[in-house]
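Single-letter residue listing:
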Amino acid sequence: MRESSGQGHPRPEEEPMVSTSPVHKIARSVAEHPVLDRAAKIGFAARGVLYGLIGLVALQIGLGSGTGEEADKSGAIHLVASRPLGELLLWIMAFGLAGLALWQVGEMIFGSPETMERVEAAGRVVMYVALVISLLGLLLYGKSATSTDDQSKDLTRLLFDLPAGPILVGLLGLGLVALGVYSIREGWTERFMRHMNVTEARARSTVVRLGKAGYIARGMIAVAAGGLICQAALTYDPDKAVGIDGALRALADTPVGPWLLVVVAIGVMLFAVYCFAEARWYRT
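Residues numbered from 1 in each chain as written. Predicted model: local features only at pLDDT ≥ 70, side-chain atom pairs only at ≥ 80, totals over all residues. Heavy atoms only, no water.

Colleague: Any chance you could break down the overall build of the protein for me, citing the residues and the numbers?
Modeller: A count of helical and extended segments in the protein gives 10 helices and 0 strands. Within the span of the protein, comprising 284 residues, buried residues form 47% of the whole. Sequence-distant contacts, at least 24 apart, represent 73% of the contacts inside the protein between residues at least 6 apart. For the protein, the accessible area works out to roughly 14100 Å², and carbon and sulfur atoms hold 67% of it. (Helix = DSSP H or I, 4+ residues; strand = E, 2+ residues; numbered from the N terminus. Buried < 20%, exposed > 50% of the residue type's maximum accessible area, 1.4 Å probe, protein only. Contact = heavy atoms within 4.5 Å. Areas by Shrake-Rupley, 256 points an atom, 1.4 Å probe, with all protein chains shown as cover.)

Colleague: Describe the packing of helix 3 (residues 73-81) against helix 5 (residues 115-141), naming the residues involved and giving the relevant values.
Modeller: For the pair helix 3 and helix 5, interaxial distance at closest approach is 11 Å and the crossing angle is 40°. In this view, helix 3 runs oblique relative to helix 5, as classed from their interaxial angle. The interaxial crossing formed by helix 3 with helix 5 has right-handed handedness. Taken together, the residues of helix 5 that come into contact with helix 3 (itself represented by K73, I77, H78 and A81) are M127, L131, S134, L135 and L138. Residue composition of the contact of helix 3 with helix 5, grouped by class: 6 nonpolar, 2 polar and 1 charged. (Axes fitted to C-alpha atoms, helices over the stretch in contact; angles between N-to-C directions. Parallel < 35°, antiparallel > 145°, perpendicular 65-115°, else oblique. Left-handed = near helix turned anticlockwise from the far one by under 90°. Nonpolar A, V, L, I, M, F, W, Y, C, P; charged D, E, K, R; others polar.)

Colleague: I'd love a proper account of the environment of L97, names of residues and values included.
Modeller: When you line up the elements, L97 lands in helix 4 (residues 86-110). Along the primary structure L97 and L131 are separated by 34 residues, whereas in three dimensions their C-alpha atoms are 7.5 Å apart.

Colleague: Talk me through helix 7 (residues 165-189); I want residue IDs and the actual numbers.
Modeller: Taking 1.5 Å of rise per residue, 25 residues should cover 36 Å, and helix 7 covers 36 Å from first to last C-alpha, within 8% of that figure. Within helix 7, burial applies to G165, V169, G170, G173, G180, Y182, S183, E186 and G187. Buried residues along helix 7 sit in contact with helix 5, helix 6 (148-160) and helix 8 (201-235). Phi turns positive one or two residues past the end of helix 7, at E190, with a value near 60°. (Expected span 1.5 Å × (residues − 1).)

Colleague: Report on helix 3, specifying residues and quantitative values.
Modeller: Of all 9 residues making up helix 3, 7 are buried, and the element is well covered by its neighbours. Residues K73, S74, G75, A76, I77, L79 and V80 constitute the buried set of helix 3.

Colleague: Explain the confidence of the model for the protein to me, and be specific about the residues and the numbers.
Modeller: On average, the protein scores 86 in pLDDT, and the residues at 70 or more come to 87%. Under a pLDDT of 50 for its full length, residues 1-19 has, in the predicted model, 47 contacts with residues more than four places off or in other chains. (pLDDT = per-residue confidence, 0-100.)

Colleague: Lay out the packing of aromatic side chains with the relevant residues and their values.
Modeller: Under the defined criterion, the tally for this structure stands at 10 aromatic pairs. For the ring pair F192 and Y274, a centre distance of 5.4 Å and an interplane angle of 85° mean the geometry is edge-to-face. A residue pair is termed long-range when its members are at least 10 positions apart, and F192 in the loop between helix 7 and helix 8 and Y274 in helix 10 (residues 258-281) qualify at 82 residues. For the pair F192 and Y274, one class covers both residues: buried. For the ring pair F271 and Y274, a centre distance of 5.7 Å and an interplane angle of 35° mean the geometry is tilted. Placement of both F271 and Y274 in helix 10 is noted, with a separation of 3 residues, approximately one turn of the helix. Using a relative accessible area of 0% as the deciding quantity, one classes F271 as buried. (Phe/Tyr/Trp six-rings, centres within 6.5 Å; stacked < 30°, edge-to-face > 60°.)

Colleague: A description of the nonpolar core should follow, citing residues and the corresponding values.
Modeller: Membership of the largest hydrophobic core comes to 62 residues, with the highest contact counts inside it found for I77, L90, L97, M196, L248, V264 and Y274. For this core, the secondary structure elements donating two or more residues are helix 2 (34-62), helix 3, helix 4, helix 5, helix 8, helix 9 (244-251) and helix 10. Of all the elements, helix 10 adds the most residues to this core, at 12 residues. Those residues within four positions of V264 in sequence are excluded, and the remaining contacts are A217, M220, I221, L248 and L251. With 7 residues, the next largest nonpolar core counts V169, I229, A233 and A241 among its residues. (Core = buried A, V, L, I, M, F, W, Y, C linked by side-chain atoms within 4.5 Å.)

Colleague: Break down the packing of helix 2 against helix 3 for me, with residues and values.
Modeller: Two elements in contact, helix 2 and helix 3, have axes separated by 8 Å at closest approach and are oriented at 100°. Our classification of the angle between helix 2 and helix 3 gives roughly perpendicular. Every residue of helix 3 that contacts helix 2 at V49, L50, Y51, L53, I54 and V57 is listed here: K73, A76, I77, L79 and V80. When its residues are assigned to classes, the contact of helix 2 with helix 3 shows 10 nonpolar, no polar and 1 charged.

Colleague: Before we move on, can you summarise the pattern of salt bridges with the specific residues and values?
Modeller: Following the criterion strictly, the structure yields 9 salt bridges and no others. Linking E186 and R194 is a salt bridge whose minimum nitrogen-to-oxygen distance equals 3.2 Å. Across the pair, exposure class does not vary: E186 and R194 are buried alike. With its nearest N and O atoms 2.9 Å apart, the salt bridge here joins D245 to R249. (Salt bridge = Lys/Arg side-chain N within 4 Å of Asp/Glu carboxyl O.)

As structure tokens, then:
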């Protein structure tokens, strides 16, 4: 796993005591295999493609020239599929995202001993696995990827059917708000650079700016989505729960108007470029 700090200086390996059983050794050898490392790099680039398309669709919505596509990962997947060689690109993206998910499993087990970083890795595993499932469903069975808005509404309805449902929905919304605040903090403090091995000063400065804008934009989307889910909990209306697309469109309804959506969309596109920088410099 990683052996240096976010500034690129060597540091001693810090890992908790782990088993040295044959199963553990095999698992670790898989997690550190060069093929998985390359697949993870492809996965970072695939993530950049998705965020770039999400930002582009959101920008079109903000400028009043939307094409009807949803500004979320499902909309981005469908955009890729509709282009020449789109199916081949989707297979490459599925391979990369699967590799990224496996690599995050390794990070969760063998990476930093910090609890928060392990929780982050677990969350990313879930996200990447869901994306791979969506991609394979489209490629193998022609099944359209479910929008994040529909997923959010379905989850909210499911929670409403449980005892103390509104409270659970409210906690989900507050959790998303907290996640958004955490992302904004990551961007503002530039903490995301702790795993980037960018040694050239000019390149590092550019990557910092890209990541800072991107993390803050993603945080604003999560805060907006969490706020709307909290509203759904208060009104007992699951249709008010939204995903990425709904959260982005909600930004256009603020007093600032569509220009806030335009600014956030540009931030998302900058984050897409940062994802490509991760493919180049992230320390795997």
